[in-house]
Amino acid sequence: MTTEKAANKAKRLEEIEGEMRLIKPEVKLWMTRNNLPPNMEERIISCIRQRLEENKDFDMDKLISHLSKDLVTKIKHHVCLPLLRKAVQNLENQGDQNLLAEWIYKSLEPKYYNDDSEIIQEGKPVTAMVFTTQGNVCCFKKSNGENGDDDDLQSTTNKFELYGEELLEWSFNHSPSHKKQLPISTKTVKTLSKVELFALTANELKNLVPMQVPMHTRAAEATKVFVKGVFRPQGKENKNENSPKMSVQNGTSSLLEDGAPKSC
């Protein structure tokens, strides 16, 4: 390596260290807002550093899109899985609900919206189920009062809310005529700031459901063993190394395939 190249490399490494000093506090804040465990910080920082060393663009507002697929899956496990578990509790006779939640959360895709954008519109078909993770969102419906032009604000949130959950019930209705018509939203979900969320489209959810058909007794028992291994308490190691493995065809978003590190 020539002296000039060595000098340029040293300069670039110094620039990266300067950038990382600014990025690290933002990553800590982002992790706190998402209630992520501290042991994830080192891997997230490593992904960011790797991206900078490869001279790729980095946008803190779209942090998830710069992380490796397996790390994104772990983040979705912490952020989305608890909400999904609550949502599927209302679905009766649909097989193992925990396993259903497992399939759904692994198929969620990261999405980003600007300020003043409508994610779901009242009176329009619900085309996606979304989990807000960062930013401010308001949920409202048209007032039923005399002044029909006024909006009735129901709630405002900045994270960890599930919208479009009516798609779960819709996806389990096997009537062909029912499948042709998406459920109509009774409310509008609108952004009040830049918003980060995870989403699963109606079509993707419909394709996942056939895998969750009633099982024979032996298959159901195998599922129970798998679920016990996957949904262990956080922070404890899975000691059952012989638990059945499951592959998911609809993985994380294709958004992650362009420029995201394979592993960090």
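The name recorded for the protein in an unreviewed UniProt entry is Cyclic nucleotide-binding domain-containing protein, from Carpinus fangiana.

(A) Structural context of the packing of helix 1 (residues 3–33) against helix 2 (residues 41–53). Relative to each other, helix 1 and helix 2 sit at 145°, their axes nearing to 10 Å. Both helix 1 and helix 2 take part in a crossing whose hand is right-handed. Of helix 2, the residues touching helix 1 (which contributes Arg12, Ile16, Glu17, Glu19, Met20, Ile23, Lys24, Val27, Lys28, Trp30 and Met31) are Glu41, Ile44, Ile45, Ile48, Arg49, Leu52 and Glu53. Taken together, the residues of the contact of helix 1 with helix 2 break down into 10 nonpolar, no polar and 8 charged.

(B) Just unusual backbone geometry, in detail. A positive phi angle is found at Asn35, which is not glycine, with a value near 55°. Relative to the helices and strands, Asn35 is located in the loop between helix 1 and helix 2. With a relative accessible area of 51%, Asn35 lands in the exposed category. One non-glycine residue, Asn55, lies in the positive phi region at around 60°. Along the chain, Asn55 turns up in the loop between helix 2 and helix 3 (69–79).

So, how was this worked out
Residues numbered from 1 in each chain as written. Predicted model: local features only at pLDDT ≥ 70, side-chain atom pairs only at ≥ 80, totals over all residues. Heavy atoms only, no water. Axes fitted to C-alpha atoms, helices over the stretch in contact; angles between N-to-C directions. Helix = DSSP H or I, 4+ residues; strand = E, 2+ residues; numbered from the N terminus. Left-handed = near helix turned anticlockwise from the far one by under 90°. Contact = heavy atoms within 4.5 Å. Nonpolar A, V, L, I, M, F, W, Y, C, P; charged D, E, K, R; others polar. Buried < 20%, exposed > 50% of the residue type's maximum accessible area, 1.4 Å probe, protein only.

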